[in-house]
Amino acid sequence: MREVWLSGPETIEELSDALADALAGGPPVLPLDARDPSAGKLRDAMAPDRPVEPGTAVVIATSGSTGEPKGVLLSARALAASAAATHDRLGGPGHWLLATPAQYIGGLQVLVRSLLAGTSRGVLSPGPFRADRFAEAAAGVLRADGPRYTAMVPTQLTRLLDAGGAGLDAARAFDAIIIGAAATPDGLRERAAGAGVRIVPAYGMSETASGCVYDGVPLDGVRVEVEPDSRLRLSGPVLAHGYRLRPDLTATTFVDGWFRTGDEGRVSAGKLTVFGRLDNVVNTGGVKVSVAAVERVLRGCAGVRDVCVVALPDAEWGQIVAAAIVVAPGGTADPDGLRAAVRARLGTAAVPKRLELVGELPMRGPGKIDRCAVVSRVFP
C-alpha cells in the first residue's frame, strides 16, 4: 500500500500521481492528513504492511462518528463509475477546483474526475476557508474552456454567501457546485438560488465512492431502496467492496450486492429524501425524538446559522434533548422562541431542555459535525 501524507499543494500532486498508478492497476493508495494528530492512529489501524484486499485501488481511512478507525476499500472500477456518472449528470467532463481535503472521498473524487477526464484542476491550499482565498484558487479553473465544477460542504457555501464580493462572484461562475458531506438546509438552497449560484446537493459516502444521489435523483446505474424500518440501501457499480481487515463488518453491511446504510429516508415520485441517522434518536421519558427532525426545525428559525442536537443522560428522563446553536453573523436568536418553534412542530417531548448558543461547532471532517465533541465541550 502506498501512503501519501498530505500537507500542501505539492503533496496533492503526489497523490494525483499515486491515484493515476492505482487506477491503472498499480499499488493501492492510502491518503492521510499530515496535520491531523489522529492520522498516525488511523495509519496504524490500516496496517499498510499487510496485504491489501484484492481489487483495491484506494483505502479511505476514517474514524467516523464513533472514533473507531475504519478503512473503506474502493476499486478502480467503482471510482471510475462514480466519476463518469457525475460528469454525465452535470453536463460533461469539466475542469475542477479541489476545495475540500483530499484524504476524504469528496476531495479525492475531484482528483479522480480530473484524471479520468484529462482536464485541468485548481487546488485551494489548506487553511481556514475564506472567500478571498477561494476566489484566488478558482481563478485559473474559471479561465479554462468548457464546464467548470467544484465541490464543497454547506459551511463553505454559507461563508461565501455571507462574505459576498469576489468569492461569491467566483462561485456564480462555476457551472455546478456539488454540496456534500452534510445535508443542505432548505434555507441555504434558497439563498444560493437567489444569489445565482448553481448548487447540486449530493447524498453519498465513502462506501459509494462519493455522492451517488444528486438532488434526490440517483446517478445512472445507482439504485435506492427503503427497507421496512426505513433504512436506506444502495446498489450499483459505485459501491465499495468492503472494509479493511473487517470481514465481519463487510458481511453485515454489504449484502447481496447492496450497501445497507445507517440512514433512514423515503423515495417518492423517484426522488430520495434522507431524514437522518437511524440510530440518532433521543429516548426521553419513553418518547423517541428524532434528532434530525429537531435540527430541521431549529435551522429554519430566524437567526440560526447551524445547529447540533444531541442526547444527554438525565436521572429523571433517562435522556434529554440538548441543542447547540450557532447564531448567524449579525443575527440574534431567542432561546424561548426556538423552543416554542420546536414545541409547535414536534410536540413538548422534542423541546430542548438544554440550549446553548456557541460561536462554532466542532467538526470531524469536511462538513461533518463531531457530535461526541459537542457533548464533551458544550455540555460537559
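Conventions we followed
Residues numbered from 1 in each chain as written. Predicted model: local features only at pLDDT ≥ 70, side-chain atom pairs only at ≥ 80, totals over all residues. Heavy atoms only, no water. Helix = DSSP H or I, 4+ residues; strand = E, 2+ residues; numbered from the N terminus. Rg over C-alpha atoms; globule rule 2.2 N^0.38 Å. Buried < 20%, exposed > 50% of the residue type's maximum accessible area, 1.4 Å probe, protein only. Contact = heavy atoms within 4.5 Å. Lys, Arg positive; Asp, Glu negative; His and termini not counted. Charge placed at Lys NZ, Arg CZ, Asp CG, Glu CD. Salt bridge = Lys/Arg side-chain N within 4 Å of Asp/Glu carboxyl O. Phe/Tyr/Trp six-rings, centres within 6.5 Å; stacked < 30°, edge-to-face > 60°. Lys NZ or Arg CZ within 6 Å of the ring centre and 35° of its normal. Axes fitted to C-alpha atoms, helices over the stretch in contact; angles between N-to-C directions. Parallel < 35°, antiparallel > 145°, perpendicular 65-115°, else oblique. Left-handed = near helix turned anticlockwise from the far one by under 90°. Nonpolar A, V, L, I, M, F, W, Y, C, P; charged D, E, K, R; others polar. Expected span 1.5 Å × (residues − 1). Pairing = 2+ DSSP bridges.

A.B. asks: Summarise the overall build of the chain; cite the residues concerned and give the values.
C.D. replies: In terms of helices and strands, the chain carries 12 helices and 24 strands. Relative to the 2.2 N^0.38 estimate, which gives 21 Å for 380 residues, the radius of gyration of the chain is 21 Å and therefore close to what a compact globule would have. Projected onto the principal axes, the alpha-carbon positions of the chain cover approximately 60 × 50 × 45 Å. Classification of the 380 residues of the chain by burial places 49% in the buried group. Pairs at least 24 residues apart make up 64% of the contacts formed inside the chain by residues separated by at least 6 positions. In the chain, the 41 positive side-chain charges and the 41 negative ones have mean positions that sit 3 Å from each other.

A.B. asks: Quick one: what's the story with the pattern of salt bridges, residue by residue and with numbers?
C.D. replies: Counting across every chain of the model gives 23 salt bridges. Between Arg 2 and Asp 21 there is a salt bridge; the shortest N-O distance is 3.6 Å. Of this pair, Arg 2 sits in strand β1 (residues 2–6) while Asp 21 is found in helix α1 (residues 9–23), placing the two residues 19 residues apart along the sequence. Given the relative accessible area of 31%, Arg 2 is considered partly exposed. Residues Glu 53 and Arg 244 are paired through a salt bridge, measuring 3.0 Å at the closest nitrogen-oxygen approach. One end of the pair, Glu 53, is in the loop between α2 (39–45) and β3 (58–62); the other, Arg 244, is in the loop between β14 (242–243) and α9 (247–253), and 191 residues separate them in sequence. If you follow the salt bridges from partner to partner, you end up with Glu 227, Asp 229, Arg 231 and Arg 260 in one network.

A.B. asks: Describe in detail unusual backbone geometry, supporting the description with residues and values.
C.D. replies: Across the chain, the bulk of peptide bonds are trans and the bulk of non-glycine residues have phi less than zero. In the Ramachandran plot, Ala 47 falls in the positive-phi region, its phi being about 45° despite a non-glycine side chain. Within the secondary structure, Ala 47 sits in the loop between α2 and β3. By relative accessible area, which is 15% here, Ala 47 ends up buried. Located in the positive-phi region is Leu 245, a residue other than glycine, with phi close to 60°. The residue Leu 245 is located in the loop between β14 and α9 in this model.

A.B. asks: Before we move on, could you go through the packing of aromatic side chains and cite the residues and values that matter?
C.D. replies: One pass over the full model with this rule turns up 5 aromatic pairs. Centre to centre, the rings of Phe 129 and Phe 134 are 6.0 Å apart; their planes meet at 55°, and the pair counts as tilted. Phe 134 gets classed as buried once you look at its relative accessible area, which sits at 0%. An aromatic cluster of three or more residues is present, and its members are Phe 129, Phe 134 and Phe 174. Positioned above the aromatic ring of Trp 258, the side-chain terminus of Arg 233 is 4.4 Å from the ring centre. Sitting over the ring of Trp 317, Lys 353 keeps its end group 4.2 Å from the ring centre.

A.B. asks: Before we move on, can you summarise the packing of helix α6 (residues 154–163) against helix α7 (residues 165–173) with the specific residues and values?
C.D. replies: It is the contact of α6 with α7, at a shortest axis distance of 7 Å, that shows an interaxial angle of 120°. The angle between α6 and α7 falls in the class oblique. Pair α6 / α7 crosses with left-handed handedness. Residues Leu 160, Leu 161 and Ala 163 of α6 form the contact with α7, whose own contacting residues are Gly 165, Gly 167, Leu 168 and Ala 171. Partitioning the contact of α6 with α7 into residue classes produces 5 nonpolar, 2 polar and no charged.

A.B. asks: An account of helix α5 (residues 131–142) is needed here, citing residue identities and associated values.
C.D. replies: Between the first and last C-alpha of α5 there are 15 Å, a value that for 12 residues agrees with the 16 Å anticipated at 1.5 Å per step. Taken together, the buried positions of α5 are occupied by Ala 131, Arg 133, Phe 134, Ala 135, Ala 137, Ala 138, Val 141 and Leu 142.

A.B. asks: Which residues make up the sheet that holds strand β20 (residues 304–314), and what values go with them?
C.D. replies: Sheet architecture is open: 3 strands sit in the order β20-β21-β22, paired in mixed fashion. Lying at the two open borders of the sheet, with one neighbouring strand each, are β20 and β22 (354–358). Across the sheet, the mean angle separating the axes of adjacent strands is 20° when strand polarity is ignored. Across 10 bridges, the pairing between β20 and strand β21 (residues 318–327) is antiparallel. Within the sheet, the bridge partner assigned to Leu 312 lies in β21 and is Ile 320. Its contacts with the sheet put helix α10 (residues 291–299) on β20 and β21, and the angle it makes with β20 is roughly 145°.

A.B. asks: Just give me the short version of the pairing of strand β17 (residues 271–277), but keep the residues and values in it.
C.D. replies: The pairing of strand β16 (residues 258–268) with β17 spans 6 bridges and is classified as antiparallel. Opposite Asp 263, over in β17, you have Arg 277 as the bridge partner. Between β16 and β17, which pair antiparallel one after the other, the connecting turn spans 2 residues, and Ala 269 there sits at a positive phi close to 55°.

A.B. asks: Any chance you could break down the environment of Arg 113 for me, citing the residues and the numbers?
C.D. replies: Among the structural elements, Arg 113 can be located in helix α4 (residues 105–117). Taking the C-alpha atoms as reference, Arg 113 lies 15 Å from Met 152; in sequence the two are 39 residues apart. Leaving out residues up to four positions away in the same chain, Arg 113 has contacts with Ala 83, Thr 86, His 87, Trp 96, Ile 178, Ser 210 and Tyr 214.

A.B. asks: Please give an account of α6 that cites residues and values.
C.D. replies: Pro 154, Gln 156, Leu 157, Thr 158, Leu 160 and Leu 161 are the residues of α6 that are buried. Remark: Gly 164 follows α6 within two positions and exhibits a positive phi of approximately 65°.

From the geometry alone we can't say anything about function, so treat these as descriptive.
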